[in-house]
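# Inside the fold
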Amino acid sequence: HADGTVADGWPFVLDRELVWEASDSDNVYDYGIFGAPSLADLDGDGDLEVIVGAMDARVYVFHHDGSFADGWPLELRHEYDFFGELVSNGARIISSPAVGDIDGDGELEIAIGTNQKQGGTYGLGYVLSHDGLVEPGWPISAFGAYTNALPFVGEGIPGSPAICDVDGDGLMEVAMHTIADPGRIYTSAGEEFARLDSIGSKFGPGTNTGEQAATIIMIQSGAFGDVNQDGTPDYAIGGSGFEYAAGLVDDGRRHDHDHVMNVWSGVRYEETGRQRLGLLDAYPRIMEDLQFFLNPGIADLDGDGNPEVIQGSAGTLIHAFDQNGAEPEGWPKHAGGWVLGSAAVGDANGDGWLDVWTGTRDGYLIGWTTTSPADTAYRGWVGFRNDPRNTGNCHTELRAYEGPVVEPPIEEPTGCDACEGSVSAAPSSVWAVVLGLLALVAVRRRESPLRG
């Protein structure tokens, strides 16, 4: 509750037997919850349900009293054909869910990644119905060059999906990625909506990276927002140069590389029969280090109407790049340690101006003020999963703020109005005071003993 007391029916505790009895060399279950829960009214009763994935390979949906919603929990364990043999492997879920009416049927759906892998180079991601069924066309198999990058957290699709109706057709697109993923966005039916331009020859002409081969998505989550203010949501996500992945598979030998921030226009174009999204002209932008598990914020931090993409990294700096790659005065900010928390944007102190907050691996929570009015500034994606309910949905309505308190301007007098404050127009009472002061000064000068 708001007063810090535990609500009735909580906490929920995972069933250890589901983990210990089911785990073996082919099924990697674990005991714990890594991802953030989402809140949404899945059953339409006016109360919010709590939605979360767990390391026992299940997605849980609870009523507010801690009881299971109908059809939940659901174990995500896809069966696929592997060289003529049907294979099904259980794996952890560390992804956080995204929630919205993805297929336009009037009911809410859940998008979530899993640590499941298919054939070693594909990670599996799901869209689930409100009542606990896998939606038609799902799961998708996202291709990546290194789907076993790290134990526990670096397998399958560890990042969290973002959902948004990019093309305005009433159906949402789903962005989710495996590891060393060149990048795709999917339709509500699990088909390919667009491929992301990621090879070096398609980098924007204003990029500042020296990478020649490609930019790839590692263990990151994306965000939708209208970065270039053309009326279409763009897609932003961190990444690394291809040479970073090359070093990982080369027995750890260092390959010169850059870590980067990417922003793709939401307007598709066609090439060789495929729909693609192109990088904005200034992207990719160099980042100092890894951006594991972060998703960028998108908001106007300096009040110029040109939103910034806000992201930190293990390199201790938090950047804010606009569509041209420029940063507001005073940015980047130094967080003093590995930035492990996605930036949160809002008016925290109630002064009417937006603030930016982030956390570090060293245990510091840091905030900065901005010069952007909280009531009018563009806010496209304002934190990890975008909003306080963690929906990962670009259409979730954000909180409205009051603007800054500004003193009314003092107007300079003009014309004849100016004469009212001049000496020549002063009333007789003012003249009397002035003449009296002059007379007093004259008398005191005559009485002074210092005069010769």
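Ranked by internal contacts, the top residues of the largest apolar core, which has 30 residues, are Ile 185, Phe 224, Tyr 235 and Tyr 283. Those elements that provide at least two residues to this core are β13 (162-164), β16 (192-196), β18 (223-225), β19 (234-241), β20 (259-271) and β21 (274-279). Not counting residues up to four positions away in its chain, the partners in contact with Phe 224 are Ala 162, Ile 163, Cys 164, Val 166, Ala 175, Ile 185, Asp 234, Tyr 235, Ile 298, Gly 380, Trp 381 and Cys 394. Among the nonpolar cores identified, the runner-up in size contains 19 residues, and Leu 301, Ala 320, Ala 343 and Val 356 belong to it.

Below, the discussion takes up the sheet that holds strand β30 (residues 379-381). Spatial ordering of the open sheet is given by β26-β25-β24-β23-β30, a layout of five strands whose pairing is antiparallel. Looking at which strands have only one partner, the edges of the open sheet turn out to be β26 (333-334) and β30. The pairing of strand β23 (residues 297-299) with strand β24 (residues 308-312) spans three bridges and is classified as antiparallel. Bridge pairing in β24 places Gly 297 opposite Ile 310.

Think of a ball as big as a water molecule: rolled over the atoms, this probe shows where empty space is left. Space inside the largest pocket adds up to approximately 240 Å³. The element best represented in the lining of the largest pocket is strand β27 (residues 344-346), accounting for three residues. Here the second largest pocket defines a volume of roughly 190 Å³. For the second largest pocket, the full set of lining residues is Ser 25, Asp 26, Val 28, Tyr 80, Asn 89, Gly 90, Ala 91, Arg 92, Asn 115, Gln 116, Lys 117 and Glu 155. The greatest single-element share of the lining of the second largest pocket, amounting to three residues, is contributed by strand β8 (residues 109-118). A breakdown of the residues in the lining of the second largest pocket according to their chemical character gives three nonpolar, five polar and four charged.

This paragraph deals with the state of the cysteines. As used here, a disulfide is simply a covalent bond connecting the sulfur atoms of two cysteines. A complete count under the given rule lists one disulfide for this structure. Each sulfur in the disulfide pair Cys 164 and Cys 394 lies 2.1 Å from the other. Disulfide Cys 164 to Cys 394: torsion about the S-S bond roughly 70 degrees, handedness right-handed. Here Cys 164, found in strand β13, pairs with Cys 394, found in the loop between β30 and α3 (428-447); they are 230 residues apart in sequence, far enough to count as distant.

What counts, and where the lines are drawn
Throughout, a residue's number is its position along its own chain's written sequence, starting from 1. The predicted nature of this model means local features are confined to residues of pLDDT at least 70 and side-chain atom pairs, given and counted, to a pLDDT of 80 or more, with totals for whole chains, interfaces and linings taken over all residues. In computing side-chain properties, one takes all heavy atoms of the structure into account and sets aside hydrogens as well as water. Nonpolar cores are built from buried Ala, Val, Leu, Ile, Met, Phe, Trp, Tyr and Cys residues. Side-chain atoms within 4.5 Å join them into one set. We call a residue buried when its accessible area falls under 20% of the maximum for its residue type, exposed when it is over 50%, and partly exposed in between, using a 1.4 Å probe and counting protein chains only. Strands here are runs of E lasting at least two residues and helices are runs of H or I lasting at least four, both read from the DSSP assignment and numbered beginning at the N terminus. Working rule for contacts: check all heavy atoms of both residues, and any pair within 4.5 Å makes them a contact. One requirement defines pairing of two strands: DSSP has to find at least two bridges between them. Using only the protein atoms, space was sampled on a 1 Å grid; points where a 1.4 Å probe fits but cannot get out form cavities, open sets with protein on both sides within 12 Å along at least five of seven lines form pockets, and lining residues are those with an atom within 4 Å of a point. Grid points are joined across faces, edges and corners, and a volume is the space filled by probe spheres set on the points. In this classification, Asp, Glu, Lys and Arg are treated as charged, Ala, Val, Leu, Ile, Met, Phe, Trp, Tyr, Cys and Pro as nonpolar, and every other residue, Gly included, as polar. Criterion for a disulfide: a pair of cysteine sulfur atoms within 2.5 Å.

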